[in-house]
Each structure stands twice: as C-alpha cells, then as structure tokens.
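Chains, contacts and geometry: an overview
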Amino acid sequence: MNSVNLLGRITANLELKTTQNGVSVTSFTLAVDRSYTPKGQERQTDFIQCVAWRQTAEFITRYFRKGNRIALNGSLQS
C-alpha cells in the first residue's frame, strides 16, 4: 500500500500550469514539522515536493497561498 498523509505549510505562491493536452497541474513544496524533537534540539522541518493534477490543482491554486496550512493525502513516488 502506498498512501501518504501530510500536514504542513505551502512555502511559495502557487502557479497553475496547463500541459499541451490541456491538463491542469501545479507543483509546490510543503514544509512539514517533525512530530518528535529530541530534548535540547531545535524542531526540524522536512520539505516535501508535491504535484497536484486536474481539479485538485485548480482547487489548491484557487484557495491556498504561501504560508497556508494544508492537509494532503496521496502516494509517494521517487
């Protein structure tokens, strides 16, 4: 099973793009704070590259901006 749930903040303003076939797409980075911080250390943050397609991309670019918190559910690809 390849399912990922993330909660973080968008790091930059979003831009909706369209492929040559007319499919909407947006790419963005999500800053996700780690839930565990060892004693005496600073909180650490992971920066996750995300891509949204079609109606999801249109929704995200319409309602979210830099600094907004967003919860995502998707799959991991490398």
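As a reminder, the structure under discussion sits directly above these lines.
The rules behind these values
Residues numbered from 1 in each chain as written. Predicted model: local features only at pLDDT ≥ 70, side-chain atom pairs only at ≥ 80, totals over all residues. Heavy atoms only, no water. Helix = DSSP H or I, 4+ residues; strand = E, 2+ residues; numbered from the N terminus. Buried < 20%, exposed > 50% of the residue type's maximum accessible area, 1.4 Å probe, protein only. Contact = heavy atoms within 4.5 Å. Areas by Shrake-Rupley, 256 points an atom, 1.4 Å probe, with all protein chains shown as cover. Core = buried A, V, L, I, M, F, W, Y, C linked by side-chain atoms within 4.5 Å. Phe/Tyr/Trp six-rings, centres within 6.5 Å; stacked < 30°, edge-to-face > 60°.

Section: the overall build of the protein chain
Secondary structure summary: the protein chain contains one helix and five strands in total. Counting from the amino terminus, helix and strand elements in the protein chain follow one another as β-β-β-β-α-β. For the protein chain, the proportion of its 78 residues judged to be buried stands at 23%. For the protein chain, restricting intrachain contacts to residue pairs at least 6 apart in sequence, the fraction spanning at least 24 positions comes to 58%. Of the accessible surface of the protein chain, which amounts to about 6300 Å², a share of 46% is contributed by carbon and sulfur atoms.

Details of the nonpolar core
Within the largest apolar cluster, 11 residues are counted, these being Ile10, Leu14, Phe28, Leu30, Val32, Cys50, Ala52, Ala57, Ile60, Phe64 and Ile70. For this core, the secondary structure elements donating two or more residues are strand E3 (24–33), strand E4 (45–53) and helix H1 (54–63). Looking at this core element by element, the count peaks at three residues for E3.

Describing unusual backbone geometry
Across the chain, the bulk of peptide bonds are trans and the bulk of non-glycine residues have phi less than zero. The residue Arg54 is not glycine, and still its phi comes out positive at about 55 degrees. Its location among the elements puts Arg54 in helix H1.

Observations concerning the packing of aromatic side chains
Counted under the stated rule, the structure contains two aromatic pairs. Aromatic pair Phe59 and Tyr63: ring centres 4.9 Å apart, planes at 50 degrees, arrangement tilted. You can see Phe59 and its partner Tyr63 sitting in helix H1, four residues apart, about one turn around the helix. Ring-pair connections join several aromatic residues into one group, and the members of that group are Phe59, Tyr63 and Phe64.

Considerations on the environment of Thr26
Relative to the elements of secondary structure, Thr26 occurs in strand E3. For Thr26, a relative accessible area of 1% corresponds to the buried category. Measuring from C-alpha to C-alpha, the distance between Thr26 and Ala57 comes to 5.5 Å, with 31 residues separating the pair along the chain. Not counting chain neighbours up to four residues away, the residues in contact with Thr26 comprise Leu14, Glu15, Cys50, Val51, Ala52, Ala57 and Thr61.

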